[in-house]
Each structure stands twice: as structure tokens, then as C-alpha cells.
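# Residue-level structure breakdown
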Amino acid sequence: MRWKWHSAEDIVGKLACVRAHLSAGKTQREAIEAAGISVATYHRWRSQFENLDARQVSLIKQLSSENTRLRHALAELEGPIAA
């Protein structure tokens, strides 16, 4: 089986799908299988992304890329360190 990489937005969406199935009365295993993930993956994702929504995930991504850009800009300004 090939590994499938999910974006943070996809993960939050699948967790929301599982919550919707659970509220509709399905068992946890049925809800997880309906989302197309394994039980272990669901529990790992839930521990990492449980309290986030899609808007928060995109904000975290945006802040992370801005942080990376600023780190590169700072490294360019500092220049090579003289030994």
C-alpha cells in the first residue's frame, strides 16, 4: 500500500467528517472507515489537530512561511560569520 500524505486542511476536514458521522449515530469504527482512514491514524490526528479548524490551520501555515522568510532575510543581513 502506498503512503498517502494529507495536508493539514485535509486532516481537519476528515476529522470533521468523523465527528459528523458520530453525531449521526454511527459507531466510531464505522465513522472512521467512512472517512477513509485507519483507527490509529484517526487517534494520532485527533491528538494533534483536535481543537483546530481549517481557518486556524491556514493561519498557522501562513505564519510559519512568514517566519521562514524572516529567518532567511535575517541570515542574509548578518552575512558570513568571520572566523
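Residues numbered from 1 in each chain as written. Predicted model: local features only at pLDDT ≥ 70, side-chain atom pairs only at ≥ 80, totals over all residues. Heavy atoms only, no water.

## Considerations on the side chain of Thr 41
For Thr 41, the position within the fold is in helix H3 (residues 39-49). Within polar-contact distance, the side chain of Thr 41 engages the side chain of Ser 38 at 2.8 Å. (Helix = DSSP H or I, 4+ residues; strand = E, 2+ residues; numbered from the N terminus. Polar contact = N/O pair within 3.5 Å; in protein donor to acceptor, adjacent residues only side chain to side chain.)

## Description of the pattern of salt bridges
Applying the stated criterion to the full structure yields two salt bridges. The shortest N-O distance in the salt bridge between Glu 9 and Lys 61 comes to 3.4 Å. Taken together, the residues span a long stretch of sequence, with Glu 9 in helix H1 (residues 8-23) and Lys 61 in helix H4 (residues 54-78) at a distance of 52 residues. (Salt bridge = Lys/Arg side-chain N within 4 Å of Asp/Glu carboxyl O.)

## Overview of the nonpolar core
If you look at the biggest cluster of nonpolar residues, it comprises 13 residues, and the most contacted ones within it are Leu 15, Val 18, Ile 37, Tyr 42 and Phe 49. Taken together, the elements giving at least two residues each to this core come down to H1, helix H2 (28-35) and H3. When residues in this core are grouped by element, the largest group, five residues, is from H1. Excluding its chain neighbours within four sequence positions, the residues that come into contact with Leu 15 are Tyr 42, Trp 45, Arg 46 and Phe 49. (Core = buried A, V, L, I, M, F, W, Y, C linked by side-chain atoms within 4.5 Å. Buried < 20%, exposed > 50% of the residue type's maximum accessible area, 1.4 Å probe, protein only. Contact = heavy atoms within 4.5 Å.)

## Topic: H1
For H1, built from 16 residues, the straight-helix expectation of 22 Å at 1.5 Å per residue is met to within 8% by its first-to-last C-alpha distance of 23 Å. The complete set of buried residues in H1 reads Ala 8, Ile 11, Val 12, Leu 15 and Val 18. Within H1, the buried residues cover an arc of 120° as seen down the axis, which keeps them to one side. Close packing links the buried residues of H1 with H2, H3 and H4. Count one or two residues on from H1 and you reach Gly 25, which has phi positive near 105°. (Expected span 1.5 Å × (residues − 1). Arc of directions from axis to C-beta.)

## A short note on the confidence of the model for the protein
Chain-level statistics for the protein give a pLDDT mean of 87 and a share of 94% at 70 or above. Mean pLDDT across the elements of the protein ranges from a minimum in H4, with 88, to a maximum in H2, with 94. (pLDDT = per-residue confidence, 0-100.)

## Brief notes about the environment of Asn 67
Mapped onto the secondary structure, Asn 67 falls in helix H4. Expressed as a C-alpha distance, the spacing of Asn 67 and Gln 28, which sit 39 residues apart in the sequence, is 38 Å.

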